[in-house]
Amino acid sequence: MYTAKVMDHFSNPRNVGEILNADGVGMVGNAKCGDIMKMHLKIENDIVLDAKFKTFGCGAAVATSSAATEMVIGKTVEEAIKISNKAVMDALGGLPPEKVHCSCLAEEALHAALWDYAVKNGKYYEGLKSPEEHSEH
Ligand code: FES
């Protein structure tokens, strides 16, 4: 049912925790299951230097957020905006259809943290939506 990569990230999640004085923090909930995810980002000169997450959620949510933090570290904010739930799922070799919504939690938490960074720093990025707009689809 789950790929070896999903099982690896679930059993041995990367970047769990919080960042003190994070530059961007995003917390989102999944309306379908009630699970919650929080993402912390350290950003300097528009480059994501570190990312940490905490989730009160299922195994697929843990695996996708773990993979998303690995994917975002070292990226520019513009590149980070393009990390979609599909890109995260592809990196993990896919998810069962009924777990696709779990990967949306990782995307939304990441984008909410980027939005928080943008708002705090008075910046505008093409394609970056507010958490409210983002969760509408
Ligand atoms: Fe809630 Fe997966 S069942 S995030």
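Just so it is clear, the structure is predicted and the values come from calculations on it, not from any experiment.

Direction vectors running N to C along helix H2 (residues 59–72) and helix H5 (residues 100–120) enclose 40°, while the axes themselves pass 8 Å from each other. In terms of axis orientation, H2 runs oblique to H5. As for the relative orientation of H2 and H5, their crossing is right-handed in sense. In this structure, H2 uses Ala60, Ala61, Thr64, Ser65, Ala68 and Val72 to contact H5, whose residues at the interface are Cys102, Ser103, Leu105, Ala106 and Leu110. For the contact of H2 with H5, the class distribution of residues is eight nonpolar, three polar and no charged.

Here we come to the sheet that holds strand S3 (residues 47–56). Sheet strands line up and pair through hydrogen bonds in the backbone, either parallel or antiparallel. Taking strand neighbours across the sheet as the criterion, the three strands line up as S1-S2-S3 in an open arrangement whose pairing is antiparallel. Pairing within the sheet leaves two strands with one partner each, and these edge strands are strand S1 (24–29) and S3. Within the sheet, the average angular offset between the axes of one strand and its neighbour, ignoring direction, is 15°. Bridging between strand S2 (residues 36–44) and S3 involves nine bridges; their strand directions are antiparallel.

As a further point, take the pairing of S1. With burial as the criterion, only one face of S1 is covered, namely that bearing Gly24, Gly26 and Val28; the residues Val25, Met27 and Gly29 on the opposite face remain uncovered. Sheet topology places S1 next to S2; six bridges connect them, and they run antiparallel. Across the sheet, Gly24 pairs through a bridge with Leu41, a residue of S2. The hairpin formed by S1 and S2 contains six residues between the paired strands, and Gly34 there has a positive phi angle of roughly 85°.

Rules behind the numbers
Residues numbered from 1 in each chain as written. Predicted model: local features only at pLDDT ≥ 70, side-chain atom pairs only at ≥ 80, totals over all residues. Heavy atoms only, no water. Axes fitted to C-alpha atoms, helices over the stretch in contact; angles between N-to-C directions. Helix = DSSP H or I, 4+ residues; strand = E, 2+ residues; numbered from the N terminus. Parallel < 35°, antiparallel > 145°, perpendicular 65-115°, else oblique. Left-handed = near helix turned anticlockwise from the far one by under 90°. Contact = heavy atoms within 4.5 Å. Nonpolar A, V, L, I, M, F, W, Y, C, P; charged D, E, K, R; others polar. Pairing = 2+ DSSP bridges. Buried < 20%, exposed > 50% of the residue type's maximum accessible area, 1.4 Å probe, protein only.

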